[in-house]
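# Structure assessment
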Amino acid sequence: MCSNGQEAKCLFFLAFPTSLERCDVTPDFRVIRTRHVNSPAFSSGICSSSPLMNRTQLKRSGILRMALSDSGTMDREESGETFLFRATRIAAVVALYWFVSITMVFLNNHLLDNKDLDAPLFVTFYQCVVTVALCWFMQLLSKVWPGLIDFPSVKFDLKTSREVLPLSVVFISMITFNNLCLKYVGVAFYTIGRSLSTVFNVLLSYIILKQTTSFTALLCCGIILGGFWLGVDQEGIAGSLSWTGVCFGVLASACVSLNAIYTKKVMPAVDGNIWKLSFYNNINACVLFLPLILMFGELSQLAGFSHLTDLNFWGMMTLGGVFGFAIGYVTGLQIKYTSPLTHNVSGTAKACAQTVIAVVYNSSTKSLLWWTSNMLVLGGSSAYTWVKSLEMKKRPHTVSEDSDKEELLPGNKVNQGV
């Protein structure tokens, strides 16, 4: 029971995550590498049951306190942090994650839906350039204020860049297909269009890692698939279906799962530091995007764009890159102060709110079956997360770091387009 608290402090790999803390876990929350944590919560015997504990009825505030606690709770209490302070901090972090994630989706949709500029590759390329610039800037700030800002010192190394290159190829495919999906299907249908990451997680776990999945987890995937097809059907009936956008969404979902595999493989090349990985990943992406921009004729689109010298346009483009960089930080922050499971629940709720906001903003009218498809997708994803967390509790909490049998990213959470 209480040993699960340590897992709540772990961070998993994302497209733009923050640095890891205490241990590495697979996205289905299995611990790969654990560093010993001396927690008073364990040494004091708080996990053991006692007659007094059984006879005492917990107050609601106590239950909430336990729900918000993890293995580091006792440490924070000893350091003078009150329950109200921790609860307020968690609420603020979750609210910040929702704001950054939802704003980024709508901002990217606005940039990609520009009728005067059909250059999605260039938009994505520019966001990668902004991310690289921000990595340099954060590195500079960490030297000026070392006690306030913690960011690794990164110097470009060609050998490391080559080792990260396979991941970079998957990475640019992921963010490109993701943004193209958002461009063609819009924000309202985006949750459904990009909903198959969990299904690809299970599929690629079997094909590449030879891992089987429990029947209950497969049932959750079946619910997601049912919601996906129902959503596609309802969009078709409404006359707003874009098969191009759906195809890009499916490809993006597959690339999200592949990105999890290659992230794990190349982490040793960057000393296990996720910010270094982001730095090299985005530098490689900037180089790889250049021939693609030429190949797809986007330079001619840029040359004929009437607002190319408009500061408002470049301001929006830069803001999109800043939010793309920030989503990794706030995602890691939310996991750090809650847990991976809570992060997934929060992401699911965020996706639901995002869909409702998009429908209201566009003054759209959706059928009951359309809303049912969204609920199936979100409900299936939440159920899958819950099932995997229960299965994780039954397994040994520490798995060898060199283990090749490791499940992939469950999916639909964070990258530049989410």
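Use the structure listed above.
A brief structural summary. The structure presented is a predicted model; accordingly, all values stated were derived computationally and were not measured.

About the criteria used
Residues numbered from 1 in each chain as written. Predicted model: local features only at pLDDT ≥ 70, side-chain atom pairs only at ≥ 80, totals over all residues. Heavy atoms only, no water. Helix = DSSP H or I, 4+ residues; strand = E, 2+ residues; numbered from the N terminus. Buried < 20%, exposed > 50% of the residue type's maximum accessible area, 1.4 Å probe, protein only. Contact = heavy atoms within 4.5 Å. Areas by Shrake-Rupley, 256 points an atom, 1.4 Å probe, with all protein chains shown as cover. Core = buried A, V, L, I, M, F, W, Y, C linked by side-chain atoms within 4.5 Å. Phe/Tyr/Trp six-rings, centres within 6.5 Å; stacked < 30°, edge-to-face > 60°. Salt bridge = Lys/Arg side-chain N within 4 Å of Asp/Glu carboxyl O. Axes fitted to C-alpha atoms, helices over the stretch in contact; angles between N-to-C directions. Parallel < 35°, antiparallel > 145°, perpendicular 65-115°, else oblique. Left-handed = near helix turned anticlockwise from the far one by under 90°.

A few words now on the overall build of the chain. For the chain, the count of helices and strands is 17 helices and 2 strands. Taken over 418 residues, the chain has a buried fraction of 52%. Once local pairs closer than 6 in sequence are excluded, the contacts in the chain between residues at least 24 apart make up 81%. Of the accessible surface of the chain, which amounts to about 19600 Å², a share of 66% is contributed by carbon and sulfur atoms.

Tracing the backbone through its elements, the reader meets Asn281 in helix 13 (residues 274-295). Residues contacting Asn281, with those up to four places away along its chain left out, are Val164, Leu167, Ser168 and Phe171.

With that out of the way, let us pick up the nonpolar core. Formed by 78 residues in total, the largest nonpolar core has its most connected members in Leu277 and Phe289. Ignoring sequence-local partners within four residues, the contact set of Leu277 consists of Val164, Leu167, Thr263, Val266, Met267 and Val270.

Turning our attention to the packing of aromatic side chains. Throughout the structure, instances matching the rule amount to 15 aromatic pairs. Their ring planes at 80 degrees and their centres at 6.1 Å tell us that Phe122 and Trp314 sit as a pair that is edge-to-face. With a gap of 192 residues between them, Phe122 in helix 7 (residues 120-144) and Trp314 in helix 15 (residues 311-337) connect regions that are remote in the sequence. Judged by relative accessible area, which is 24%, Trp314 ranks as partly exposed.

Next up on the list: the pattern of salt bridges. Under the definition given, this model contains 5 salt bridges. Here Lys276 makes a salt bridge to Asp271, at a shortest N to O gap of 3.5 Å. One salt bridge connects Glu391 with Lys388, and the closest N-O pair in it is separated by 3.2 Å. Taken as a pair, Glu391 and Lys388 lie in helix 17 (residues 368-394) at a separation of 3 residues, close to a single helical turn. Glu391 sits in the buried class, given a relative accessible area of 16%.

Once that is clear, we can look at the packing of helix 7 against helix 8 (residues 158-185). Each pair of packed helices gets described by two things: the angle between the helix axes and the distance between those axes. Here helix 7 crosses helix 8 at 125 degrees, and the two axes come no closer than 10 Å. Classified by the angle their axes make, helix 7 and helix 8 are oblique. At the point where helix 7 passes helix 8, the crossing takes the right-handed sense. Contacts between helix 7 and helix 8 involve Pro120, Leu121, Thr124, Gln127 and Cys128 on the former and, on the latter, Phe171, Ile175, Thr176, Asn179, Leu180 and Lys183.

Any link to function would need more than the numbers given here.
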